[in-house]
Amino acid sequence: MPDTTSAADASRNAELDGEYDDAAGYYTPGEPIRDTKAPDGPVDQRWSTRKFEARLVNPANRRKLSVIIVGTGLAGASAAATLGEAGYRVKSFCYQDSPRRAHSIAAQGGINAAKNYKEDGDSTHRLFYDTVKGGDYRSRESNVYRLAEVSVNIIDQCVAQGVPFAREYGGLLDNRSFGGVQVSRTFYARGQTGQQLLIGAYQALERQVAAGTVETFTRHEMLELIVVDGKARGIVARDMVTGAIETHTADVVVLASGGYGNVFYLSTNAMGCNVTASWRAYRKGAYMGNPCYTQIHPTCIPVSGAHQSKLTLMSESLRNDGRIWVPKNKADCDKDPRDIPEEDRDYYLERIYPSFGNLVPRDIASRAAKNVCDEGRGVGPEVDGVRRGVYLDFSAAIERMGRDGIQEKYDNLFDMYERITGENPYEVPMRIYPAVHYVMGGLWVDYDLQSTIPGLFVTGEANFSDHGANRLGASALMQGLADGYFVLPHTIRDYLADGPFEHVGDDHPAVVEARESVQSRIDHFLGNNGTRSVDSYHRELGNIMWEFCGMERTEDGLKKAIDLIRTLKDDFWRNVKVLGEAETINQSLEKAGRVADFMELGELMCIDALNRRESCGGHFRGESQTEDGEALRHDDQYAYVAAWEFTGDDQPPVLHKEDLVYTAIEMKQRSYK
Amino acid sequence: MKLTLKIWRQAGPDAEGAMHTYDLDDVSEDMSFLEMLDVLNEKLIERDEEPIAFDSDCREGICGMCGLMINGDAHGPEVTTTCQLHMRSFSDGETITIEPWRADAFPVLKDLCVDRSAFDRLIASGGYISVNTGSAPEAHSVLVPRDDALRAFNVATCIGCGACVAACPNGSASLFMGAKITHLGELPQGQPERDNRVVNMVAQHDHEGFGGCTNIGQCTAACPKEIPLDVISQLNKDLRTAMRHGH
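This is a predicted model, so every value here is computed, not measured. (Residues numbered from 1 in each chain as written. Chains lettered and ligands numbered in written order. Predicted model: local features only at pLDDT ≥ 70, side-chain atom pairs only at ≥ 80, totals over all residues. Heavy atoms only, no water.)

**Student:** Which parts of the structure should I look at to understand the overall build of chain A?
**Tutor:** Along chain A, the regular secondary structure elements total 17 helices and 26 strands. Each principal axis of the C-alpha distribution contributes one length, and for chain A these read about 75 × 65 × 55 Å. Out of the 673 residues in chain A, the part that is buried amounts to 66%. In chain A, the proportion of contacts linking residues at least 24 apart, taken out of those at least 6 apart, comes to 73%. Accessible area for chain A stands at about 23,100 Å²; split by element, carbon and sulfur atoms hold 47% of it. (Helix = DSSP H or I, 4+ residues; strand = E, 2+ residues; numbered from the N terminus. Buried < 20%, exposed > 50% of the residue type's maximum accessible area, 1.4 Å probe, protein only. Contact = heavy atoms within 4.5 Å. Areas by Shrake-Rupley, 256 points an atom, 1.4 Å probe, with all protein chains shown as cover.)

The following block contains the structure:
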């Protein structure tokens with residue numbers, strides 16, 4: 001096993017002894033936080049214990065209990081369907097025109113499950129082990145074990161729904177290995193696994209709509225959380241067609257509203273993905289866990305111009321056969337790559353990391369690409385004065401395997417590349433560049449997936465719990481469906497068993513206050529009469545985040561970013577221009593609210609990154625690396641979840657630390673040697 | 001590139017709409033069609049004109065949220081989604097006409113946005129397999145021949161964008177409905193509800209105001225996921241079978 005134990009790092013950790021704290025002054029230290037819901041005992045018994053201990057709700061009482069679920073991706077649609085089947089009254093909200101469009105639909109690769117159908121040594125424990133290790137020992141072992149445990153049920157459920165997974169000739173399900181894992185545990189439906197899984201969950205949800213247990217609210221955006229007597233009791237939503245500000249109350253609220261990668265403006269996320277639902281909850285008292293953890297993929301199609309609206313991921317499998325290079329001389333950067341002779345090319349990954357070459361881990365490949373572009377040796381179109389792209393060259397592979405060989409292996413990827421760039425990658429080298437793909441941070445939840453606000457549950461990418469500092473391939477889909485189908489329905493019933501709950505009327509002061517705050521934000525934006533468009537602010541924020549809180553973070557950079565964001569935020573509130581009216585579709589108004597929240601989130605992400613002076617998973621602090629440029633963790637200092645508490649506008653947040661304790665797994669330093 | 005854009009503008013569902021003409025310079029051929037509209041919108045905001053409302057989300061051809069009639073073609077001249085259509089498919093100096101999806105069952109909400117919730121109601125009427133969470137048998141307990149699984153997958157790739165409806169002179173949703181009926185009908189898990197599914201979905205289809213299918217084939221020609229026309233034959237066959245069974 002390519003690990004060295006953490007004992008060997010004791011000497012390196014010594015350099016961290018001392019009183020310094022990079023983030024001092026940016027936050028207030030708070031009391032430690034603890035997950036009180038996970039049962040003690042052997043890790044493989046905890047979920048059974050919790051399910052048994054969770055109280056039951058009599059079927060006749062369920063129809064008197066109501067649930068609001070925000071988001072209809074894998075986590076939200078599966079939860080809505082399952083709770084509807086159980087007999088609760090469910091209201092499901094999404095900002096898209098149909099639940100089927102949630103961004104889970106774009107996931108390509110596959111979904112893991114410890115079925116061990118290949119009899120190649122897989123097991124629940126191995127999936128658990130791989131996931132904790134892959135997350136760089138920054139996730140909770142109880143949660144991850146449960147995820148591995150229920151993974152097998154997910155496949156059964158999806159197959160029964162008619163999800164057309166790949167099959168072998170004998171009719172059994174096919175598996176592949178994915179993301180460098182040594183067992184074949186990934187179930188897939190060509191490159192569209194997320195789509196097929198989501199359609200399955202969406203159909204289950206629509207079935208409940210027909211049955212009358214679930215009511216859907218499409219083109220609705222949650223803009224505020226309603227908290228009554230310390231408990232989440234509803235949301236304020238805007239009907240994005242009529243502009244009506246609606247209050248919806250319920251006995252419990254579930255946020256399944258996805259990730260916030262769009263804080264970077266350019267990302268592989270859908271255009272509408274946003275942080276508002278989570279952020280409004282944060283401002284109402286839900287803690288935000290590890291917000292700085294961002295996964296960046298090294299193989300995306302680069303930006304082609306200042307007009308660019310989003311980035312498209314190319315499968316990482318391309319690195320198996322493509323060679324990555326840039327010109328040695330800046331003067332060659334605008335030449336046709338085919339005219340640059342071999343001796344003038346810098347195969348920089350092969351040069352710097354001879355043993356791994358082009359297959360170095362994601363974070364190293366990503367940082368190396370940024371470095372050569374920052375040096376001025378990037379290729380492709382110049383955007384804002386810099387060329388941000390490196391060649392991924394298949395000419396040697398085409399010579400070796402023939403064009404047909406490449407076509408068979410990568411055909412649809414080559415087609416997709418050509419469609420977007422207009423260049424034929426069989427003829428000229430592809431260009432790639434890293435892009436933001438997924439966030440592992442999110443609202444803090446306990447083992448029951450309940451946030452620090454009672455009655456507010458958070459599932460899927462919107463919570464922080466299962467991926468640690470890095471998300472492995474094929475694990476996000478697994479978490480979304482595990483939470484929605486198999487975890488939340490058990491834990492939420494324990495909460496609902498306290499019912500019936502007191503009715504909350506529209507005239508309740510907490511409801512009125514939430515409504516008014518939404519209304520006043522809208523009024524502000526529409527009456528501001530500023531001079532700059534919302535998108536221009538979003539782009540500027542994204543540039544700051546990408547530059548200073550992206551692939552590599554440093555103390556100086558993060559402090560600078562915080563200053564820049566504060567200035568930008570100030571200017572945004574005074575100078576943003578939103579035209580049109582509230583009582584109609586108004587996409588600028590929608591975006592203004594989201595960007596306002598992204599600004600605040602961006603600042604917190606920088607503070608979180610500043611506090612964590614270690615490198616782990618997708619978080620790379622320049623100050624914490626080995627001589628080889630590998631991420632260097634500091635387990636004795638940072639083996640905690642950073643849970644941030646909001647204390648007021650322009651007030652420093654409070655940091656609560658949850659110590660990560662491993663009883664079933666030994667913490668080890670990752671090594672790529 | 002320099003373009004002249006003729007764009008349908010309509011303030012709301014009940015407002016009267018009209019074509020408006022905009023000139024746009026400096027269009028790069030690397031822009032997607034929607035990014036070209038983003039650029040136009042930034043220019044409109046600069047001169048205090050309300051930006052044009054249009055739908056999009058994933059912008060990588062899979063969510064099905066985008067969809068425009070471009071020069072009379074659903075999603076424009078290429079077989080792809082509007083978000084994956086790039087300006088290199090057009091030429092300098094061209095006039096481009098941009099309209100919302102055209103179908104009675106897809107009323108216009110504003111400018112280029114339409115209401116496609118009829119598709120959700122079609123799925124709710126029967127486009128699923130009834131299996132409650134937690135009650136599923138072990139996945140390997142039911143074998144599915146590889147070719148059946150592949151066929152099911154190929155038609156399950158429908159993204160629900162509505163191009164088939166917009167392209168159809170009758171405004172029929174038969175391709176969308178046929179794709180779902182074929183997807184679930186190809187699999188052993190879909191058999192118990194097969195008759196009910198087709199009967200209920202066809203009834204809902206007609207109730208929503210979609211037109212009848214007269215085998216014109218514009219739907220499959222416009223489909224960005226190339227759903228084949230024979231799913232409609234399958235739909236008709238399943239309907240006949242259900243009727244024979246007394247539905």
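And the narrative resumes.
**Student:** In this structure, what is going on with the sheet that holds strand 2 (residues 28–29) of chain A? I would like to understand it.
**Tutor:** One key point about sheets: their strands pair by backbone hydrogen bonds, in either a parallel or an antiparallel sense. Residue and element names in this part refer to chain A. Spatially, the five strands line up as an open sheet ordered 2-25-24-12-20, and their pairing is mixed. Only two strands of the sheet have a single neighbouring strand rather than two, namely strand 2 and strand 20 (442–443). Bridge count for strand 2 against strand 25 (residues 654–659) is two bridges, and the pairing is parallel. Residue pairing in the sheet places Thr28 in a bridge with Val654 of strand 25. With respect to the sheet, helix 16 (residues 587–611) is in contact with strand 12 (288–289), strand 24 (640–645) and strand 25, its orientation differing from that of strand 24 by roughly 145°. (Pairing = 2+ DSSP bridges. Axes fitted to C-alpha atoms, helices over the stretch in contact; angles between N-to-C directions.)

**Student:** It is not clear to me how helix 1 (residues 33–46) of chain B should be interpreted in this structure. Could you clarify?
**Tutor:** A turn of α-helix holds 3.6 residues, and therefore any two residues three or four places apart point the same way. Residues and elements named next belong to chain B. Look at helix 1: 20 Å from first C-alpha to last across 14 residues, which is about the 20 Å you get at 1.5 Å a residue. The buried fraction of helix 1 is high, at 10 of 14 residues. When we look at burial in helix 1, the residues that qualify are Phe33, Leu34, Glu35, Met36, Leu37, Asp38, Leu40, Asn41, Leu44 and Ile45. (Expected span 1.5 Å × (residues − 1).)

**Student:** Looking at this structure, how should I read the interface of chain A and chain B?
**Tutor:** Reports often express the size of an interface as the amount of accessible area lost when the parts come together. The interface of chain A with chain B comprises 74 residues on the first partner and 78 residues on the second. With both chains or domains summed, chain A and chain B bury close to 6,200 Å², and 51% of this area falls on carbon and sulfur atoms. Taken as a group, Arg101, His307 and Arg419 of chain A account for 11% of the area that chain A buries against chain B, more than any other trio of residues on that side. Between Arg219 of chain A and Asp55 of chain B there is a salt bridge, and its shortest N-O distance comes to 2.7 Å. Inspection of the region where chain A meets chain B yields 46 residue pairs in polar contact (both at pLDDT 80 or more). Counting only elements with at least two residues in the side of chain A that touches chain B, the list comes to helix 4 (74–86), helix 6 (141–161), helix 7 (193–211), helix 11 (395–421), helix 12 (476–496), helix 14 (534–549) and helix 16 of chain A. (Buried area = accessible area lost by both parts, 1.4 Å probe. Salt bridge = Lys/Arg side-chain N within 4 Å of Asp/Glu carboxyl O. Polar contact = N/O pair within 3.5 Å; in protein donor to acceptor, adjacent residues only side chain to side chain.)

**Student:** I tried to follow the state of the cysteines on my own but got confused; where do I start?
**Tutor:** Covalent bonding between the sulfur atoms of two cysteines is what defines a disulfide. Residue and element names in this part refer to chain A. The final tally for this structure, using the stated rule, is zero disulfides over all chains. Between Cys292, a free cysteine, and Cys549, which holds the nearest cysteine sulfur, the sulfur-to-sulfur gap is 6.4 Å. According to the relative accessible area criterion, Cys292 is buried, its value standing at 0%. (Disulfide = S-S within 2.5 Å.)

**Student:** Sorry, what's going on with the sheet that holds strand 10 (residues 245–249) of chain A here?
**Tutor:** All names here are of chain A. Here we have three strands laid out as an open sheet, ordered 8-9-10, and antiparallel in their pairing. The open sheet has two free edges, formed respectively by strand 8 (220–228) and strand 10, since each of these has just one partner strand. Here the strands of the sheet are splayed against their neighbours by 25° on average, with no regard to which way each runs. Taken together, the eight bridges between strand 8 and strand 9 (residues 231–239) define a ladder with antiparallel strand orientation.

**Student:** Please explain unusual backbone geometry as it appears in this structure.
**Tutor:** Most of the time, phi is negative for any residue but glycine, and the peptide bond is trans. All names here are of chain A. The amide bond that connects Gly499 to the next residue, Pro500, takes the cis arrangement and shows omega of 0°. Within the secondary structure layout, Pro500 lies in the loop between helix 12 and helix 13 (509–527). One non-glycine residue, Asn116, lies in positive phi territory at about 55°. By the element assignment, Asn116 lies in the loop between strand 5 (111–112) and helix 5 (124–134). For Tyr265, which is not glycine, the phi torsion reads 60° and is therefore positive.

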